[in-house]
Each structure stands twice: as C-alpha cells, then as structure tokens.
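Each chain is listed here by its residues.
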Amino acid sequence: MIKLYGVPGWGSAISEVMLTLADIPYQFINVDGFDQPGPQRELLHKLNPLCQVPTLELENGAIMTETAAIALMVLDRCPDLAPPVGQAERQQFQRLLIWFVANVYPTFTYADYPERWVPDAPEQLQKNCIEYRKSLYLWFESQLKATPFALGERLTLLDVYIVVARTWGPRHAWFAENAPKFTAIADAVCQLPELHKVLKANKII
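Note that the structure is a prediction, hence the values are computed from the model and not measured.

A.B. asks: Before we move on, could you go through the UniProt feature "domain: GST N-terminal" (unreviewed entry) in the protein and cite the residues and values that matter?
C.D. replies: In this numbering, the UniProt entry assigns the feature "domain: GST N-terminal" (unreviewed entry) to residues 1-82. Helix makes up 37% of residues 1-82 and strand 20%, and the two end C-alpha atoms of the span are 23 Å apart.

A.B. asks: Outline the pattern of salt bridges, supporting the account with residue identities and numerical values.
C.D. replies: Should their charged atoms come close, side chains of opposite charge can pair. The full count for this structure, using the stated rule, is four salt bridges. Residue R166 pairs with D187 through a salt bridge whose shortest N-O separation is 2.7 Å. Linking R166 in the loop between helix 7 (157-165) and helix 8 (171-178) with D187 in helix 9 (residues 180-190), this pair joins segments that are 21 residues apart in sequence. D187 sits in the partly exposed class, given a relative accessible area of 37%.

A.B. asks: So, the packing of helix 6 (residues 122-142) against helix 8: which residues are in play, and what are the values?
C.D. replies: Between helix 6 and helix 8, whose axes approach to 11 Å, the crossing angle comes to 45°. By the angle between their directions, the pair helix 6 and helix 8 is classed as oblique. The two elements helix 6 and helix 8 cross, and the hand of that crossing is right-handed. Across the interface between the two elements, K134, Y137 and L138 from helix 6 touch W174, F175 and N178 from helix 8. Of the residues assigned to the contact of helix 6 with helix 8, the class counts are four nonpolar, one polar and one charged.

A.B. asks: Tell me about the side chain of R166, residues and numbers included.
C.D. replies: Residue class for R166 comes out buried when judged on its relative accessible area of 6%. Polar contacts involving the side chain of R166 include one to the side chain of D187, which spans 2.7 Å. Excluding residues within four positions of it along the chain, R166 makes contact with R171, H172, F175, F182, T183, A186, D187 and C190.

A.B. asks: For the packing of aromatic side chains, give the residues involved together with the corresponding values.
C.D. replies: For the coordinates displayed, the defined rule picks out 16 aromatic pairs. Between F100 and F140 the ring centres are 5.3 Å apart and the planes differ by 65°, which places this aromatic pair in the edge-to-face class. Taken as a pair, F100 in helix 4 (residues 88-111) and F140 in helix 6 lie far apart in primary sequence, 40 residues in all. Taking 5.5 Å as the distance between ring centres and 70° as the angle between the ring planes, the aromatic pair formed by Y137 and F182 counts as edge-to-face. Placement of the pair is Y137 in helix 6 and F182 in helix 9, with a sequence separation of 45 residues. The burial state of Y137 is the same as that of F182; both residues are buried. Feature note: the residues W99, F100, Y105, Y137, W139, F140, Y161, W174, F175 and F182 constitute an aromatic cluster, connected by ring pairs. Here the guanidinium or amino end of R116 rests over the ring plane of Y113, the centre of that ring lying 4.0 Å away. Between the NZ or CZ atom of R133 and the centre of the ring of F108, over which it lies, the distance is 3.6 Å.

Thresholds applied
Residues numbered from 1 in each chain as written. Predicted model: local features only at pLDDT ≥ 70, side-chain atom pairs only at ≥ 80, totals over all residues. Heavy atoms only, no water. UniProt positions renumbered as here; feature names shortened; annotations may be inferred. Helix = DSSP H or I, 4+ residues; strand = E, 2+ residues; numbered from the N terminus. Salt bridge = Lys/Arg side-chain N within 4 Å of Asp/Glu carboxyl O. Buried < 20%, exposed > 50% of the residue type's maximum accessible area, 1.4 Å probe, protein only. Axes fitted to C-alpha atoms, helices over the stretch in contact; angles between N-to-C directions. Parallel < 35°, antiparallel > 145°, perpendicular 65-115°, else oblique. Left-handed = near helix turned anticlockwise from the far one by under 90°. Contact = heavy atoms within 4.5 Å. Nonpolar A, V, L, I, M, F, W, Y, C, P; charged D, E, K, R; others polar. Polar contact = N/O pair within 3.5 Å; in protein donor to acceptor, adjacent residues only side chain to side chain. Phe/Tyr/Trp six-rings, centres within 6.5 Å; stacked < 30°, edge-to-face > 60°. Lys NZ or Arg CZ within 6 Å of the ring centre and 35° of its normal.

Structure representation (structure tokens):
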C-alpha cells in the first residue's frame, strides 16, 4: 500500500484526493509540524531532503514527490481521469496541469515563509506574491469551461487542484467574486459522494 506523508489541508490534500478518486489504496501519515525543527521534520527528511508534502512511498519502496508527477502516476493506473489521447482537451489538460504547478505553487513557497527569502521586508514580498497569485488565477479562470468541470463534462485530475486550492489564499470569498467558474467547478467536485470523506478530513467541506 502507498504511504502518503502529508498534513490535512496542505498540498498533500491534492494527492490524497487524487488517490481516492482513482480508488488507489493508501495510508495517510500526518507529519504536521514538518516545517519546523523536530521529529516530524526529521522523519520526512529521511524520505525527501526538501521536506515537502506530499511525499509518497510507493508499494515497491520508491519515493514519489511533486503533485504533477503523482498525477501522471495516477493516470497510469486510472487513465479515465484525463481526456483521451487524441482529443483537443488532452493538450489543454496537460498544459494547465503543468502551468498550475509551475506558476501558482511558487507563490506559496515565497508568500508562506517570506522571512526566509527577504528578512528585511517579508511583508512586502508576501503582499506582492499574493497579488501576483490573484492575477494567475484570473488567467486560469479564462481557460475553464465549468460545464460542470474544468474541461467540460469529464471529471479530470485538474478539478482536484481546483477544489483544494479554493481553500487556500485568497480563499472562498475572493474566488466567488472574481472567479465564478473556478468556484462552480469546486462546488461540483464537493458534491461527489465518493470524495466526501477525504474532503472532510482535509477541511475542504
């Protein structure tokens, strides 16, 4: 069984929801506090020197990190969670999946711990990153169909990013006002009964 090292509500929630959606068995190991010195960080560091969540230990003992890579692994086992090869939506899925990780994720890296990068002016770095993140979400919104999911009628792993990310800054109220399609997609995913348990465990619903 896969071991998933994470913290409820953090980035590991995306991989946890993906695995649940694909019906892939996993054991969740809570490493809350890993971002500070202590036993949880030491445990995670042995598996992933970057000390980031999610970190997965696969059935064969191999370590898997990075949610986009985990998404590709999930698709190897459950290909129905992406548009079929040959459809135009397939390329859009691939583009938006990597775009989200490459562009949105770094804003959290710097905004969540600004004092690590700019000790003399952490508040300004944090503010700038959050404003930039909002501009990224507005572009992302323009790419979404919301009929009812990101790419149309088919539920994909891209929708998992959306339902989890809505709970992060700038949070529900901002998305509702500025990104109605993003909000509608997240609402649609929250209605899926097979995800209720994992979404509740991660304080998403």
